[in-house]
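What follows is each chain in one-letter form.
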Amino acid sequence: MPDTKYWTSAPDRIVRGSMGLCHLTVAQPPFNVDARSLPANDPDQAHLFVASFGGIEEVLEDLGPRSVQTPLPSSVRSDLDIVHSAVWGGMRAISTPVFADDGNGNPLLAESERMRERFPAARIVGHVTYYGGMEHTETVVMLPDGAMFHASGWPADEPFVVLGDPHAVIASLGLSSWMLAAADIDMDQPLHEIEWASLAGLALGHSDPWGWEEMQTTAFRVQHSDLSVCSMEGLYFV
């Protein structure tokens, strides 16, 4: 296993920071399917989905099933070569430490734009939380009709940057004021205080798989690209 390819950090080096929520979901229509009625994860298709990512050169090992609620490991450097992926019928998903960011790269947005080109009829929804001294979040929603928003920053502080039009996303999804209130979303709050992750959850609706422990992904050890490794070394190590 080419475990140290591109890395300058030893496999047992302690990681700085950790992952919280981390997932990118590509949901094909119909959009009103209950997540618990989705087909079981197909590990072979999940393997193909992982292998299609630009920042991954090769899938090295299938590490077996994981609950969607199992966080990505992030204790030592070798953990950063592990990703979780699933294909539940028409829904695809991936969690990867490459999505973590400190405001300089917006990796989730970049991958979401690639997914929009590959799956134009899909709802593309992602959220990442990275803890590195402070909490940094990145949230994206892209809808088939072109409505989208991307919110990125430090929820405890400003600046917080929002691209696109979250109100257009809300209108396209048909979300009422009571639905927003029930999810503790107040669009009149300052940008860094809005519950963007909750709005992403509403975009998936009943199809949201991330709250159900019985939903499974597959863990894979991968060989990341030189660019992905360089990005992770700059973020996870000082």
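Each value, and the rule that gives it
Residues numbered from 1 in each chain as written. Predicted model: local features only at pLDDT ≥ 70, side-chain atom pairs only at ≥ 80, totals over all residues. Heavy atoms only, no water. Pairing = 2+ DSSP bridges. Helix = DSSP H or I, 4+ residues; strand = E, 2+ residues; numbered from the N terminus. Axes fitted to C-alpha atoms, helices over the stretch in contact; angles between N-to-C directions. Contact = heavy atoms within 4.5 Å. 1 Å grid on protein atoms, 1.4 Å probe; cavity = no way out; pocket = protein on both sides within 12 Å on 5 of 7 lines; lining within 4 Å. Points joined across faces, edges and corners; volume = space filled by probe spheres on them. Nonpolar A, V, L, I, M, F, W, Y, C, P; charged D, E, K, R; others polar. Buried < 20%, exposed > 50% of the residue type's maximum accessible area, 1.4 Å probe, protein only. Expected span 1.5 Å × (residues − 1). Disulfide = S-S within 2.5 Å. Salt bridge = Lys/Arg side-chain N within 4 Å of Asp/Glu carboxyl O. Phe/Tyr/Trp six-rings, centres within 6.5 Å; stacked < 30°, edge-to-face > 60°. Lys NZ or Arg CZ within 6 Å of the ring centre and 35° of its normal.

## Some remarks on the sheet that holds strand 2 (residues 56-67)
Read across the open sheet, the nine strands follow the order 2-9-3-4-1-5-6-7-8; overall the sheet is antiparallel. Two strands in the sheet have a free side with no partner beyond their single neighbour: strand 2 and strand 8 (160-164). Each strand of the sheet is rotated relative to its neighbour by a mean of 15 degrees, with strand direction disregarded. Strand contacts of helix 1 (residues 43-51): strand 1 (18-27), strand 2, strand 3 (82-88), strand 4 (91-95) and strand 9 (216-224), with the helix running at about 125 degrees to strand 3, the strand carrying the most contacts. The sheet contacts of helix 6 (residues 226-236) involve strand 1, strand 2, strand 5 (123-132) and strand 9, and relative to strand 9 the element is tilted by about 100 degrees.

## Side note on the layout of surface pockets
Vacant regions in the atomic arrangement are exposed by a probe of water-molecule size rolled over the atoms. The computed volume of the largest pocket comes to approximately 390 Å³. Taken together, 22 residues make up the lining of the largest pocket; nearest its centre are Val 98, Phe 99, Pro 107, Ser 228 and Ser 231. Residue assignment for the lining of the largest pocket shows that the elements contributing at least two residues are helix 2 (107-118) and helix 6. Classifying every residue of the lining of the largest pocket gives nine nonpolar, nine polar and four charged. As a volume, the second largest pocket reaches approximately 280 Å³.

## Some thoughts on the pairing of strand 6 (residues 134-142)
With seven of its nine residues buried, strand 6 lies for the most part within the structure. For strand 6 and strand 7 (residues 148-153), the ladder comprises six bridges, and the chain directions are antiparallel. Across the sheet, Glu 138 pairs through a bridge with Ser 152, a residue of strand 7. Between strand 6 and strand 7, which pair antiparallel and follow one another directly, the connecting turn spans five residues, one of which, Gly 146, has a positive phi of 100 degrees.

## A look at helix 2
In this model, helix 2 (12 residues) spans 17 Å end to end at C-alpha, consistent with the 16 Å of a helix rising 1.5 Å per residue. Every buried residue of helix 2 is accounted for by Pro 107, Leu 108, Leu 109, Glu 111, Ser 112 and Met 115. In the core, the buried residues of helix 2 are packed alongside strand 1, helix 1, strand 5, strand 6, strand 7 and strand 8.

## Describing unusual backbone geometry
The omega torsion across Pro 29 and Pro 30 is 0 degrees, close enough to zero to call that bond cis. You can see Pro 30 is positioned in the loop between strand 1 and helix 1. For Tyr 6, which is not glycine, the phi torsion reads 75 degrees and is therefore positive. By the element assignment, Tyr 6 lies in the segment before strand 1. Located in the positive-phi region is Asn 106, a residue other than glycine, with phi close to 50 degrees.

## What about the state of the cysteines?
Under the counting rule described, the total for this entry stands at zero disulfides. Its sulfur unpaired, Cys 22 is 19 Å from the next cysteine sulfur, which belongs to Cys 230.

## Comments concerning the pattern of salt bridges
In total, this model carries four salt bridges according to the counting rule given. For the salt bridge of Glu 57 with Lys 5, the shortest nitrogen-to-oxygen distance reads 3.4 Å. On the criterion of sequence distance, the pair formed by Glu 57 in strand 2 and Lys 5 in the segment before strand 1 is long-range, its members being 52 residues apart. The partly exposed category is assigned to Glu 57, whose relative accessible area is 41%. Exposure remark for Lys 5: the relative accessible area of 37% places this residue in the partly exposed category. Among the ionic pairs, Asp 34 bridges to Arg 36, the shortest N-O distance being 3.3 Å.

## Comments concerning the packing of aromatic side chains
Applying the stated criterion across every chain yields a total of four aromatic pairs. Taking 6.1 Å as the distance between ring centres and 75 degrees as the angle between the ring planes, the aromatic pair formed by Trp 88 and Trp 210 counts as edge-to-face. Here Trp 88, found in strand 3, pairs with Trp 210, found in the loop between helix 5 (196-204) and strand 9; they are 122 residues apart in sequence, far enough to count as distant. Residue Trp 88 is classed as buried on the basis of its relative accessible area, which comes to 1%. Looking at Trp 210, the relative accessible area reads 13%, which means it is buried. Of note, Arg 36 hangs over the ring of Trp 212, and the distance from its end group to the ring centre comes to 4.1 Å.

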